Amino acid sequence: QVQLVESGGGLAQPGGSLRLSCAASESIFRILIRGWYRQAPGKQREWVAMVGDSGRTTYDASVKGRFTISRDNAKNTVTLQMNNLKPENTAVYYCKYKTATNENEIRDYWGQGTQVTVSS
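Residues numbered from 1 in each chain as written. Predicted model: local features only at pLDDT ≥ 70, side-chain atom pairs only at ≥ 80, totals over all residues. Heavy atoms only, no water.

Across 9 bridges, the pairing between strand S4 (residues 30–39) and strand S9 (residues 91–102) is antiparallel. Counted as the bridge partner of Arg38 is Tyr93 from S9. Where S9 lies against strand S11 (residues 114–118), 3 bridges are found, and the strand directions are antiparallel. If you follow Ala91 over to S11, its bridge partner there is Val116. Pairing geometry for S9 and strand S10 (residues 105–110), over 6 bridges, is antiparallel. The residue of S10 that forms the bridge with Ala100 is Ile106. Once S9 ends, the chain turns through 2 residues before running back antiparallel as S10. (Pairing = 2+ DSSP bridges. Helix = DSSP H or I, 4+ residues; strand = E, 2+ residues; numbered from the N terminus.)

Written out as structure tokens, the structure is:
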């Protein structure tokens with residue numbers, strides 16, 4: 001089964017930057033959507049950004065202009081560059097791949113999450 005491994009989380013000051021990366025443990029037949037989600041304690045998991053197979057990107061309004069999602073099809077990776085971080089961005093961040101395992105099956109894969117803490 002495909003495993004997604006995240007890295008890059010940590011502590012940043014308000015206005016600082018972090019870069020999150022997500023790598024698949026093995027090649028995937030087809031990645032339809034690559035996305036980033038986050039969940040703060042006591043809150044629901046929420047969508048942050050996604051990039052489609054075409055390369056088109058979409059962002060939640062709260063991060064647009066500050067966060068950038070990018071993909072590398074050859075490496076089966078996705079990254080999230082986070083600039084001008086705010087304390088309210090503190091959460092566990094998860095990557096998710098929506099994939100086609102074959103021509104008739106769609107399956108979601110989730111990373112284990114990486115902690116991002118923004119505090120002075």
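Picking up after the structure, the text goes on.
This part takes up the environment of Leu18. Within the secondary structure layout, Leu18 lies in strand S3 (residues 18–24). Overall, Leu18 belongs to the buried group, its relative accessible area being 14%. For the pair formed by Leu18 and Asn83, sequence separation is 65 residues and the distance between their alpha carbons is 6.8 Å. Leu18 has contacts with Gly8, Gly10, Ala12, Leu80, Gln81, Met82, Leu85 and Val116, leaving out every residue within four places of it along the chain. (Buried < 20%, exposed > 50% of the residue type's maximum accessible area, 1.4 Å probe, protein only. Contact = heavy atoms within 4.5 Å.)

Taken in spatial order, the 4 strands line up as S1-S3-S8-S7 in an open sheet, and their pairing is antiparallel. Each end of this open sheet is capped by a strand with a single partner; those strands are strand S1 (4–7) and strand S7 (67–72). Shown here is a sheet whose adjacent strand axes are inclined to one another by a mean of 15 degrees, direction ignored. Taken together, the 6 bridges between S7 and strand S8 (residues 77–82) define a ladder with antiparallel strand orientation. Looking at the pairing, Ser70 lines up with Thr79 of S8. (Axes fitted to C-alpha atoms, helices over the stretch in contact; angles between N-to-C directions.)

If you check the backbone angles, Asn76 has positive phi at about 55 degrees while not being a glycine. Locating Asn76 in the fold gives a position in the loop between S7 and S8. With a phi angle near 50 degrees, Asn84 is a residue other than glycine that sits in the positive phi range. Relative to the elements of secondary structure, Asn84 occurs in the loop between S8 and S9.

As a further point, take the state of the cysteines. Covalent bonding between the sulfur atoms of two cysteines is what defines a disulfide. Scanning the entire structure with this criterion turns up 1 disulfide. Each disulfide pairs two cysteine sulfurs, and for Cys22 the partner residue is Cys95, the sulfurs being separated by 2.1 Å. Between Cys22 and Cys95, the S-S torsion sits near 55 degrees, and that sign places the bridge as right-handed. In this pair, Cys22 sits in strand S3 while Cys95 sits in strand S9, placing the two residues 73 residues apart along the sequence. In terms of burial, Cys22 and Cys95 fall into one category: buried. (Disulfide = S-S within 2.5 Å.)

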